[in-house]
Every structure is written in C-alpha cells, then in structure tokens.
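Structural overview
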Amino acid sequence: MTNYFLYARKSTDVEDKQVRSIEDQLAVLRALAKEQGLNIVTEFIEKQSAKMPGRPIFNEMMERIQKGEAQGIVCWKLDRLARNPVDGGQISWLLQRGGISHIQTHDRSYKPTDNILMMSVEFGMANQYILDLSANTKRGLHEKARRGEFPSVAPIGYLNNPRTKRIDVDRKKAPIIRAAYERYAENKSRLEDISMFLYERGIRTKKIKRWNSKGEKLIKKDTIKEILTNTFYYGDYQYGGEIYHGIHTPIVSKQLFDRVQEVIKLRGRGQKAIKDPQVLCGLLKCGECGCGITAEAITKRQKNGNVHRYIYYRCTKKKGSCSQPYIREEELSGQLSNLLARFVLPKEYAKAMLLMADKDEKETQSVASASVQELRARVAEIDGGVSRLTDLYIEQDIDRDAYLLRKRALMSDRKTTEEQVARLERDATSWLQPMREWINDASMLEEIQKNSDLPSKKISLQKIFGSNLTLKSREARGVAQNQWASYAEAHQNFSETDLVLSMVPPEGFEPPTTASKAVVISISPRGRLDR
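Residues numbered from 1 in each chain as written. Predicted model: local features only at pLDDT ≥ 70, side-chain atom pairs only at ≥ 80, totals over all residues. Heavy atoms only, no water.

We now examine the sheet that holds strand β3 (residues 72–75). Read from one edge of the open sheet, five strands run β2-β1-β3-β4-β5, paired in mixed fashion. At either margin of the open sheet sits one strand with a lone partner, and together these are β2 (39–46) and β5 (109–110). The sheet contact formed by strand β4 (residues 102–104) and β5 spans two bridges and is antiparallel. Within β5, the position partnered with isoleucine 103 by the bridge is tyrosine 110. (Pairing = 2+ DSSP bridges. Helix = DSSP H or I, 4+ residues; strand = E, 2+ residues; numbered from the N terminus.)

In structure tokens form, the structure reads like this:
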C-alpha cells in the first residue's frame with residue numbers, strides 16, 4: 001500500500017497573501033485523500049517562504065521520503081512544494097527515479113510516467129513569479145525613494161503613517177532627538193551620556209520577541225552614533241546606495257547636523273592620554289640614531305605648593321639604545337628661532353622684489369599675448385592649407401594617399417600649435433606665483449622667529465628644511481632646501497650693512513640662459529636700488 005505525506009505551506013511573504021490559509025488547505029486535502037483512498041501517514045505544516053532553499057520541515061519530509069517512509073505527496077499546488085530551482089529539481093529527480101511514485105494536488109496528479117515537461121514548466125513559472133515579484137518590488141521602492149518618500153521603517157523621532165504611506169514627525173520624540181543633537185554639538189557629552197539623556201526621557205530599546213528581549217534598556221552607543229550621523233534628520237536619506245532628498249519634515253538643521261559631525265570626527269580620533277603640548281613633534285629627527293623626537297611633560301610640585309610644568313624633547317629610542325640627552329622646550333625654541341633668523345628677508349628687500357615681480361608679470365603677459373596672436377595666425381594659416389588641400393583632392397589633382405598624408409601632417413601641426421596657445425594662456429606667468437609665495441614667507445620670518453608661537457615656527461621650519469632637521473648634543477641643525485639654501489649663502493657672504501641681494505640679470509626674475517651671468521643688486525639704506 002502506498003503511503004502519502006500531506007504538505008501544507010503558508011508563506012509569510014506578500015506574494016502569498018491570496019493563497020488559501022493552512023486550515024483551508026488541510027480541510028480540502030484531507031477530503032481529497034479520503035475521496036481517492038490515499039493513506040496519509042504524516043501531515044507536514046510549514047509557515048515559511050519557498051523562494052529560498054533550506055526550509056527545515058520540507059527538508060525533513062524529503063529525507064523521510066528517501067528513507068521509504070512514504071511514496072507520495074498530497075499538496076494544494078506544486079508551488080506549495082517549491083518556488084526555487086533547487087527544491088523543484090529535487091522533487092523532479094525523485095519522481096523520475098521512483099523515490100516518489102505519485103504527487104496529488106487539488107486539481108491534478110503527477111506520476112513518473114507523465115511528461116516531465118509539464119512539471120518543469122509549473123516549477124519554472126513558480127520560480128519566475130518570485131523573480132518578477134522581487135524585481136517589481138525593488139522597482140517600486142526605488143521609484144518611491146525618487147519621489148522623496150522614504151521606503152523603509154522611520155527612524156526614532158518619526159512615525160510611519162499607515163494611511164498616507166508616508167513619514168510623519170513624532171511630536172513626542174522629535175524634540176528630544178533635536179535636544180540630543182544640540183547637547184552633543186556642545187562637545188561636552190559622550191555617546192553614553194546621550195544614551196542616558198534619551199533613556200531618562202523615554203526613548204529606550206524596543207521589545208523584540210524573537211530575541212526574547214524585553215526592551216526598556218539604554219540604547220547602545222553604536223546606535224546613538226547612527227542616530228547622530230543619520231542624514232534623514234535634516235532632510236536627506238540614503239537608499240539603495242543613492243542619496244535622495246526627502247519630502248518629510250526635518251527635525252534638525254543642516255548647520256546643527258554639521259556641528260555634530262565635527263564633534264564626532266574630533267572625538268573619533270585616537271584620544272588616549274594627550275601629552276599637551278607636543279607642538280614640535282614630527283619636526284626633528286635624532287642626529288645619532290635617526291629616530292623621531294618626542295615630547296614629555298614633567299610636573300614638579302614644591303613644598304610651598306607651587307607647581308611647575310616643563311616640556312622636554314628627547315629621542316624616542318625606537319631603534320634601540322641612544323645616548324642623546326633631553327632638551328628643554330624653551331632652549332629648543334630659542335635654537336629654532338636662531339635658525340629662522342638666517343633666512344629672514346628684510347621688508348625693503350621684499351617690497352623691491354615684489355615690484356620687480358609685478359613688472360616681470362606685465363612684460364611676460366605682453367610677450368605671451370603677442371606670441372599667442374602669432375600662433376593663432378599660424379592656426380588660421382594651417383586651416384587655410386587644409387581647405388586648399390581638400391579642394392585639390394575634390395578636383396582630383398592629387399590622389400587619396402597623398403591627400404591623407406599631407407592632411408595628417410597639417411592636423412598634427414595644428415594640434416601642436418593649439419597646445420602651445422593653451423600653455424601660453426595658462427602658464428605664461430605661473431612661474432611667478434611660487435616666487436611671490438617665497439618672498440612673503442621669507443619676509444614674515446622676522447616676526448615669527450621673535451614670538452613664542454611654536455606652531456608658526458614649526459610650519460616655517462618645515463618649509464625651509466623639510467625633513468632635514470636633526471637634534472644632536474642638544475643642538476638643532478639642518479640643511480635648507482633649494483631657494484632657502486641659496487638665500488642663506490648670499491646672506492652669509494655679504495654683510496648686513498651692505499644690504500646686498502643676489503639676483504638674476506636686469507631683465508627680471510626669469511631663469512637666466514646659459515649665456516647669462518648673475519649680477520648683484522644692492523639696496524641702499526634709503527631704499528634706492530643700485531646695480
């Protein structure tokens with residue numbers, strides 16, 4: 001006698017809302033089995049979608065069929081058994097091999113001797129229904145997102161309106177979320193503090209049945225960070241990897257949101273014990289072992305209650321033992337000021353050089369303008385040559401190969417000329433900008449080396465020495481870069497009373513040709529230039 005398993009399934013997904021309920025399926029299938037005399041040995045009831053393989057109850061039924069406990073299946077339709085090619089293929093294979101001798105649905109039966117094509121078509125239609133439904137659902141959600149309607153669960157502070165299918169502001173929680181943003185923007189609260197702030201005002205974790213969570217707890221700080229970085233609160237949101245502008249009412253302003261992001265960015269940096277200050281760290285290297293120079297703060301408390309704080313710089317000794325001693329910050333700052341003093345450009349020098357740079361710029365622009373006009377005339381001449389060449393080809397005075405060869409050469413020449421025009425228009429005076437920047441930097445060194453602003457000193461020293469500053473035997477030393485080295489040499493070779501400045505030939509600052517000779521221009525104490 002053939003034994004049968006009865007299988008009823010009700011999916012929890014949207015696509016199966018119109019399918020008969022499990023109770024209705026059981027009633028019809030039991031009556032069908034009784035009418036046809038089918039021996040039902042076990043009933044399997046499953047509440048899960050069949051679009052993905054891995055249903056536990058279905059797998060149990062198939063294992064028991066392979067063990068020989070039953071030879072047939074009674075179900076409402078084939079799509080109750082499978083909506084994916086894996087499970088559908090397993091059923092088809094067992095039916096072909098005789099593991100399943102009969103499948104009975106409410107309207108037809110399937111046997112190993114039947115045409116397998118019909119079953120394959122039904123399984124294929126069930127699978128295609130899932131694929132089409134998925135594509136249509138995604139398309140609908142993306143279209144909703146493009147309209148500015150958030151197609152998902154509203155974040156804390158908002159509510160999903162089931163009537164309008166839109167997002168409304170939660171009048172109770174929205175002011176609390178805004179207050180949390182304002183509180184964090186002050187940079188006086190941690191994420192844990194914001195969690196407690198929300199907890200005290202009734203915003204807590206929700207009850208989740210499947211995790212056996214009773215809720216009503218503090219929100220974790222990761223979730224708090226998600227709240228504080230969610231662009232939905234100022235009007236934009238991300239969906240499907242794209243950013244959309246929502247039609248919902250913002251809770252916070254973009255300005256407040258940006259302030260919060262700055263605080264998050266600031267607090268997100270490694271904030272282990274900050275040794276303040278460490279201004280000069282990263283500027284020097286140890287002259288003995290080549291390791292970096294770090295800072296260490298020492299606090300000394302006297303018996304009379306006075307507290308003194310000192311900053312010492314020393315080698316990090318990361319490569320091993322190093323004999324270099326400590327140096328006080330005040331002493332090191334003085335040495336760095338002395339280094340900067342070697343590169344100070346007097347104000348009268350800077351003023352004269354900037355005037356000459358302006359003069360050179362005007363002359364260069366004039367020359368470049370004339371050159372551009374000549375080159376444009378050359379382009380027009382080439383265009384005329386191409387036109388005449390085309391006329392010769394049309395009149396068949398030259399063959400195609402000669403025409404193409406000459407035209408290719410003309411077009412190449414035209415492209416080269418156009419690039420020359422573009423380069424002259426773009427870069428004719430660009431070489432003067434670095435010169436002006438150097439003059440301004442050098443003229444500011446006098447003020448920088450006299451004050452106690454260590455960050456300004458560090459920036460200037462990095463421009464002059466790059467990474468060539470070392471500290472050895474409590475003495476800072478270094479090799480200046482390019483133009484700074486040239487200026488220091490000129491500054492050393494001439495006395496300060498001469499006010500001598502080395503420059504290029506009288507034509508200006510342009511790089512001299514190989515035939516040019518450098519000349520010396522001295523500036524008298526009254527500011528007059530003497531060559």
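A few words on unusual backbone geometry. Backbone phi values are negative for most residues with the exception of glycine, while trans is the configuration of most peptide bonds. Residues other than glycine seldom take positive phi values, yet asparagine 187 does so here, at roughly 60°. In this structure, asparagine 187 sits in the loop between α6 (174–185) and α7 (191–200). In this model, arginine 474 sits at a positive phi of 60°, which is unusual for a non-glycine residue. Tracing the backbone shows arginine 474 in the loop between β14 (469–472) and β15 (475–478).

With 15 residues, helix α9 (residues 254–268) extends 21 Å from end C-alpha to end C-alpha; this agrees with the ideal 21 Å at 1.5 Å per step. For α9, the set of buried residues is Leu256, Phe257, Val260, Val263 and Ile264. Seen along its axis, α9 keeps its buried residues to an arc of 120°; they face one direction. Summarising the geometry of α9, the exposed residues directed more than 90 degrees from the buried face are Gln255, Glu262 and Lys265. In this structure, the buried side of α9 is in contact with α6 and α8 (221–228). (Expected span 1.5 Å × (residues − 1). Buried < 20%, exposed > 50% of the residue type's maximum accessible area, 1.4 Å probe, protein only. Arc of directions from axis to C-beta. Contact = heavy atoms within 4.5 Å.)

A separate point is the confidence of the model for the chain. Per-residue pLDDT for the chain has a mean of 82; in total, 88% of the residues score no lower than 70. Mean pLDDT values for the elements of the chain range from 31 in strand β17 (residues 519–523) up to 94 in α6. In the model, residues 270–275 has pLDDT below 50 throughout and makes two contacts with residues more than four positions away in sequence or in other chains. Overall, residues 496–531 carries pLDDT values under 50, and its contacts beyond four positions in sequence, including any with other chains, amount to 66 contacts. (pLDDT = per-residue confidence, 0-100.)

The end-to-end C-alpha separation of helix α1 (residues 22–36) is 21 Å, in line with the 21 Å expected for 15 residues at 1.5 Å each. For α1, the complete set of buried residues consists of Ile22, Gln25, Leu26, Leu29, Leu32 and Ala33. For α1, the angular spread of the buried residues around the axis is 135°, confining them to a single face. Turned more than 90 degrees away from the buried face of α1, the exposed residues are Glu23, Lys34 and Glu35. Each element contacted by the buried residues of α1 is listed here: β1 (3–9), β2, β3, α3 (78–81) and β4. A positive backbone phi angle near 70° is found at glycine 37, which sits one or two residues after α1.

To continue, consider the packing of aromatic side chains. With the rule as written, the count across this model stands at 16 aromatic pairs. A ring pair is formed by phenylalanine 232 and tyrosine 237, whose centres lie 6.1 Å apart and whose planes are at 45°; its orientation type is tilted. Joined through ring pairs, the aromatic side chains of Phe150, Tyr158, Tyr181, Phe232, Tyr233, Tyr234, Tyr237 and Phe257 make up one cluster. Lying over the aromatic face of tyrosine 199, arginine 204 brings its terminal NZ or CZ to 4.1 Å of the ring centre. (Phe/Tyr/Trp six-rings, centres within 6.5 Å; stacked < 30°, edge-to-face > 60°. Lys NZ or Arg CZ within 6 Å of the ring centre and 35° of its normal.)

Strand order in this open sheet of three strands is β10-β14-β15, and the pairing throughout is mixed. Of all the strands in the sheet, the pair left with one neighbour each is β10 (285–286) and β15. The pairing of β10 with β14 spans two bridges and is parallel. The partner of lysine 285 across the bridge, within β14, is threonine 470. Across the sheet, helix α10 (residues 329–341) is in contact with β14 and β15; its angle to β15 comes to roughly 30°. (Axes fitted to C-alpha atoms, helices over the stretch in contact; angles between N-to-C directions.)

Another point: the environment of arginine 301. Topologically, arginine 301 is positioned in strand β11 (residues 293–301). Given a relative accessible area of 66%, arginine 301 falls into the exposed group. Among all residues touching arginine 301, those that are not within four sequence positions of it are Asn306 and Val307.

Bringing the packing of helix α4 (residues 85–97) against helix α5 (residues 116–146) into the picture now. Here α4 crosses α5 at 165°, and the two axes come no closer than 10 Å. Our classification of the angle between α4 and α5 gives roughly antiparallel. Crossing handedness for the pair α4 and α5: right-handed. The residues of α5 that touch α4, namely those facing Pro85, Gly88, Ile91, Ser92, Leu95 and Gln96, are Ile116, Met119, Phe123 and Asn127. Taken together, the residues that form the contact of α4 with α5 break down as six nonpolar, four polar and no charged. (Parallel < 35°, antiparallel > 145°, perpendicular 65-115°, else oblique. Left-handed = near helix turned anticlockwise from the far one by under 90°. Nonpolar A, V, L, I, M, F, W, Y, C, P; charged D, E, K, R; others polar.)

Roughly 920 Å³ of volume is contained in the largest pocket. Every element with two or more residues in the lining of the largest pocket is listed here: β6 (158–161) and α8. (1 Å grid on protein atoms, 1.4 Å probe; cavity = no way out; pocket = protein on both sides within 12 Å on 5 of 7 lines; lining within 4 Å. Points joined across faces, edges and corners; volume = space filled by probe spheres on them.)

Let us now look at the pairing of β14. The two faces of β14 differ: Leu469 and Leu471 on one face are buried, but Thr470 and Lys472 on the other face are not. Note: β14 against β15, four bridges, orientation antiparallel. In the sheet register, leucine 469 faces β15, and the bridge partner there is glycine 478. The loop that links β14 with its antiparallel partner β15 comprises two residues; one of these, serine 473, has a positive phi angle of about 55°.

It is worth spelling out the pattern of salt bridges at this point. Following the criterion strictly, the structure yields 26 salt bridges and no others. Between arginine 64 and glutamate 69 there is a salt bridge, with the nearest N and O atoms lying 2.6 Å from each other. Note that arginine 426 and aspartate 427 form a salt bridge whose closest N and O atoms lie 3.2 Å from each other. You can call arginine 426 exposed: its relative accessible area is 56%. In the salt-bridge network here, residues are joined through shared partners; they are Glu60, Arg64 and Glu69. (Salt bridge = Lys/Arg side-chain N within 4 Å of Asp/Glu carboxyl O.)

Another point: the side chain of glutamine 449. Counting through the fold element by element, glutamine 449 comes out in helix α13 (residues 432–450). With relative accessibility at 16%, the residue glutamine 449 sits in the buried group. Not counting residues up to four positions away in its chain, the partners in contact with glutamine 449 are Ser337, Leu340, Ala341, Val344 and Lys457.

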